[in-house]
Amino acid sequence: MRLVETKEALRAALREAWRDGRTIGFVPTMGYLHDGHLTLVDAARRENDLVVVSIFVNPLQFGPKEDFERYPRDVDRDLRLLADHHVDVVYHPSVADMYPSAPRVMLRSGAMAEVLCGRSRPGHFDGVLTVVAKLFHRVRPTRAYFGQKDAQQLALIQQMVRDLDFAVEIVPVPTVREADGLAMSSRNVYLSPEERAEAPVLFAALSWAEAEVAAGERRVGALVDGVRSRIAAKPSARIDYVELVRYPSLEPYAREAMLQPGDTALLAAAVYFGRARLIDNVLLTVEASGRAVG
Ligand code: PAF
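Rules used throughout
Residues numbered from 1 in each chain as written. Predicted model: local features only at pLDDT ≥ 70, side-chain atom pairs only at ≥ 80, totals over all residues. Heavy atoms only, no water. Buried < 20%, exposed > 50% of the residue type's maximum accessible area, 1.4 Å probe, protein only. Helix = DSSP H or I, 4+ residues; strand = E, 2+ residues; numbered from the N terminus. Pairing = 2+ DSSP bridges. Right-handed = clockwise from strand over helix to strand, strands pointing away. Salt bridge = Lys/Arg side-chain N within 4 Å of Asp/Glu carboxyl O. Axes fitted to C-alpha atoms, helices over the stretch in contact; angles between N-to-C directions. Contact = heavy atoms within 4.5 Å. Near = heavy atom within 4 Å. Polar contact = N/O pair within 3.5 Å; in protein donor to acceptor, adjacent residues only side chain to side chain. Areas by Shrake-Rupley, 256 points an atom, 1.4 Å probe, with all protein chains shown as cover.

With 4 of 5 residues buried, strand 5 (residues 143-147) lies mostly within the body of the structure. Judged from the 2 bridges that link them, strand 2 (residues 24-29) and strand 5 form a sheet pairing that is parallel. Within strand 5, the position partnered with Gly25 by the bridge is Arg143. With 5 bridges connecting them, strand 5 and strand 6 (residues 169-173) associate as parallel partners. Paired with Arg143 across the strands is Glu169, a residue of strand 6. In terms of handedness, the path from strand 5 via helix 7 (residues 151-163) over to strand 6 forms a crossover that is right-handed.

This is how it looks when you write it as structure tokens:
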């Protein structure tokens, strides 16, 4: 496994693979890796000749009051895990390598970022799309792997690839969970034992809604309210949002709306447990016949 820290060294490491037309699977990360990331890496390993992982905590996607400085980092541990998972190249750039000067031109994520996390974190997805676009240019991957836990990020990156003609296939990978349902996240490390004990309510509440839809519930307001009240019952939970939007367009449903036959909807939530802001989601698909398929 090669560790490279500059775009020149990355180019030198990938030049032959580009020349020989070898397939490159790319997993962009912010490090502090867990089994969710490693599942992406394993999928990339199975499907490509070469696997490249980037580790970069991207300042552009953090708001001024967010956790950029204290975002968990442990690069030595990350490198050991990536070597165990047979990664070929790890790109770990500095902020100066990624942004030699403050970017004056950035991607704009537009209306798809006006809901869910984009509403609570203004500018976040502009920062995500800008760094992902730069990484795609630097790595020139055949395929890039993203977790479905970050469903809005995934939908925006798929849209960016379509709208701006990036020659990369985006591969979505299902969310990896702890045994009690909590979605794996680098931010789980912020949870106190009490908060950790209550955090599984997030997925439990979303799963309740999924079962309700399977049983015939179609009222958007009832689903959102039911999820909210289940989460709010936990003393350490502070809800940022619970929202139901069409997927993958991310157009919001009106509160009074009903899910319709043929709809695919994203039910997503962000909840603070102490200082950890955790997100999770489920996709609700109502068959054209009107039957819910989960
Ligand atoms: O999902 C993440 O870890 C980040 O948003 C990403 C895609 C690596 C961009 O910084």
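Let's shift gears to the pairing of strand 8 (residues 264-273). On any regular strand, side chains alternate: one points to one face of the sheet, the next to the other face. For strand 8, the tally of buried residues reaches 8 of 10 residues, placing the bulk of the element in the interior. Sheet topology note: the strand 8/strand 9 (residues 276-285) ladder contains 10 bridges and is antiparallel. Across the sheet, residue Ala268 finds its bridge partner in strand 9, namely Asn281.

What follows concerns the pattern of salt bridges. Under the counting rule described, the total for this entry stands at 13 salt bridges. One salt bridge connects Arg19 with Asp20, and the closest N-O pair in it is separated by 3.0 Å. Using a relative accessible area of 64% as the deciding quantity, one classes Arg19 as exposed. Between Arg121 and Glu66 there is a salt bridge whose closest N-O contact spans 2.6 Å. Of the two residues, Arg121 sits in the loop between helix 5 (116-120) and helix 6 (124-139) while Glu66 sits in the loop between strand 3 (50-55) and helix 3 (75-84), which places them 55 residues apart along the sequence.

This part covers the sheet that holds strand 8. Pairing is antiparallel across the open sheet formed by 3 strands, whose spatial order is 7-8-9. A strand with exactly one partner marks an edge of an open sheet, and here the two such strands are strand 7 (237-246) and strand 9. Geometrically, the sheet is characterised by an average inter-axis angle of 15° between neighbouring strands, direction not taken into account. As defined by bridge partners, strand 7 adjoins strand 8 across 9 bridges and the pair is classed as antiparallel. The partner of Leu244 across the bridge, within strand 8, is Leu267. In the packing of helix 9 (residues 201-214) onto the sheet, contacts are made with strand 8 and strand 9, and the angle to strand 9 comes to roughly 15°. Contacts from helix 10 (residues 220-232) reach strand 7 and strand 8, with the element oriented near 160° to strand 7.

In this section: the site of the ligand. Taken together, the neighbourhood of the ligand is formed by Pro28, Thr29, Met30, Asn58, Gln61, Val131, Phe146 and Gln153. Within the side chain of Gln61, a nitrogen or oxygen atom sits 2.6 Å from an oxygen atom of the ligand. Coverage of the ligand by the protein chains reaches 88% of its 290 Å² of free accessible surface.

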